[in-house]
Amino acid sequence: MNSIKTVGIAGAGVMGAGIAYCSAIAGYGVLLFDTRREALDKGLLYIRKELEKAQAKGKLTADQVEASLQRIRLCEKAEDLVADLIIEAVVEKLEVKQDLFRTLESVNGKESILATNTSSIPVTRIASALQHPERFAGIHFFNPAHLMKLVEVIAGARTNHETLENSRAFAESLGKTVVLAQDAPGFIVNRVARHYYVEALKIMEEDVAGFEAIDRLMESSGFRMGPFRLMDLIGVDTNYSVTESMYNLFSQDGKFRPSRIQKQKVDAGLHGRKSGEGFYRYEA
Ligand code: NAD
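Residues numbered from 1 in each chain as written. Predicted model: local features only at pLDDT ≥ 70, side-chain atom pairs only at ≥ 80, totals over all residues. Heavy atoms only, no water.

K.L.:
What exactly am I supposed to notice about the domain arrangement of the protein chain here?
P.N.:
It is common to give the size of an interface as the accessible area that goes away when the parts come together. Domain annotation for the protein chain reports domain 1 (6-181) and domain 2 (189-273). Using only C-alpha atoms to locate each centre, domain 1 and domain 2 end up separated by 25 Å. Between domain 1 and domain 2, the contact holds 13 residues from the first and 10 residues from the second. Carbon and sulfur atoms make up 58% of the area that domain 1 and domain 2 hide from each other, which totals about 870 Å². Taken together, domain 1 and domain 2 are joined by zero salt bridges. Summed over the shared surface of domain 1 and domain 2, the number is three residue pairs in polar contact (both at pLDDT 80 or more). Looking at the side of domain 1 that touches domain 2 residue by residue, the class counts come to five nonpolar, four polar and four charged. (Domains from an automatic or database assignment. Contact = heavy atoms within 4.5 Å. Buried area = accessible area lost by both parts, 1.4 Å probe. Salt bridge = Lys/Arg side-chain N within 4 Å of Asp/Glu carboxyl O. Polar contact = N/O pair within 3.5 Å; in protein donor to acceptor, adjacent residues only side chain to side chain. Nonpolar A, V, L, I, M, F, W, Y, C, P; charged D, E, K, R; others polar.)

Spelled out as C-alpha cells, the structure:
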C-alpha cells in the first residue's frame, strides 16, 4: 500500500526537523526545504545532535546515524521540493500554506501526496487552494516529532481513500500510533489542550499566580510539563497563532481568546527555546 520512497518537508523549524529525523531513520530519502538558509542549517544541526544523543543511549549505531544523515538533502527553493509525499510544516498562516501548496502542486506529479502538519487550520480549507484536493491530507505530528508516538491523520472533505490510507501507512511506518481525526479546528488533541494554555495565561494575567508557580503546581500534580514550559517548547509564536486561529474558527468564542501577555512576547521576539527566551531563559 505504502509506495512512498521520498519525503519532502517544507519548513525546517521545530516540527520540520523532527519529522525529517523520523523519516530519515525509517529509511526514506528526505528533502528538507526552508526559505531561510539559517533555519536549514539549524534544523540539520538539531537532527545531528538528536541522532548522536540516541547513539549515546545505545538506541542507534554509528552506522545508522551516518546513514540517516546521508539520506537528508537540503533545498532552498520550493520548486525543488519534489517527492512522493510532501509534508508542510511552515508557519500557522492559511495564506502562507496555500501559496506554498499552489507551487508544490505545480511541480509535483499527480501521484504525489501533499500533506499539512497544521495544528488548527481545517485541512479542507487549506486544500481549497488546490486543483487536486483529493490527494491532500493532514498528518499532524506532536512535539518533539521524533519522540512523540501519536500522529493524527485527517481527511479533508475531498481527500480520497488512497491518500488517507497511504498517509496512515506512512505514519505507521515511522512507528507512530495513528488516530484518524475529523477535520475540525484543532482536531482532537489541540482542542482539548488549548485550555491548558489559555486558562494558565488568564490566571497569570489576573495576578492569581505567577507563571513559575503555575508550572510548579501543574508539574507536581502529575503533568509532565507546566503550561509555560510547554509553550516555550512548542514556540510561543506558534502556540499563539494556533490559539488565534482556533478563536476565529470557533466564531471568536471567548474560551479560546488569545492572551495579551502572550501576544506581547510574540511581538518582542521572545518565542521560547528556539529564540533563547520565552517565559524562561535558555542557554545557547
Ligand atoms: P517554526 O516557527 O519552528 O518553523 C517554521 C519554519 O517555516 C521556519 O523555519 C520558517 O523559516 C519556515 N517557513 C516560513 N514560511 C515558509 C515558506 N513559505 N516556505 C518554506 N518555509 C517557510 O514552526 P513549527 O513549530 O515547526 O510549526 C510548523 C507547523 O507545525 C505549524 O503549522 C504548527 O501549527 C504545526 N505544529 C507545531 C507544533 C509545535 O509544537 N511547535 C506541533 C504540531 C504541529
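Moving on from the coordinates now.
K.L.:
Whenever I open this one, the pairing of strand S5 (residues 113-116) confuses me. Can you help?
P.N.:
Here S5 shows a buried face lined by Ile113 and Ala115 and a second buried face lined by Leu114 and Thr116. Relative to S5, strand S4 (residues 85-88) runs parallel, the two sharing four bridges. Bridge pairing in S5 links Glu88 to Thr116. With helix H4 (residues 94-107) bridging S4 and its parallel neighbour S5, the resulting β-α-β unit is right-handed. Pairing analysis gives three bridges linking S5 to strand S6 (residues 136-141), with the strands arranged parallel. The partner of Leu114 across the bridge, within S6, is Phe136. (Buried < 20%, exposed > 50% of the residue type's maximum accessible area, 1.4 Å probe, protein only. Helix = DSSP H or I, 4+ residues; strand = E, 2+ residues; numbered from the N terminus. Pairing = 2+ DSSP bridges. Right-handed = clockwise from strand over helix to strand, strands pointing away.)

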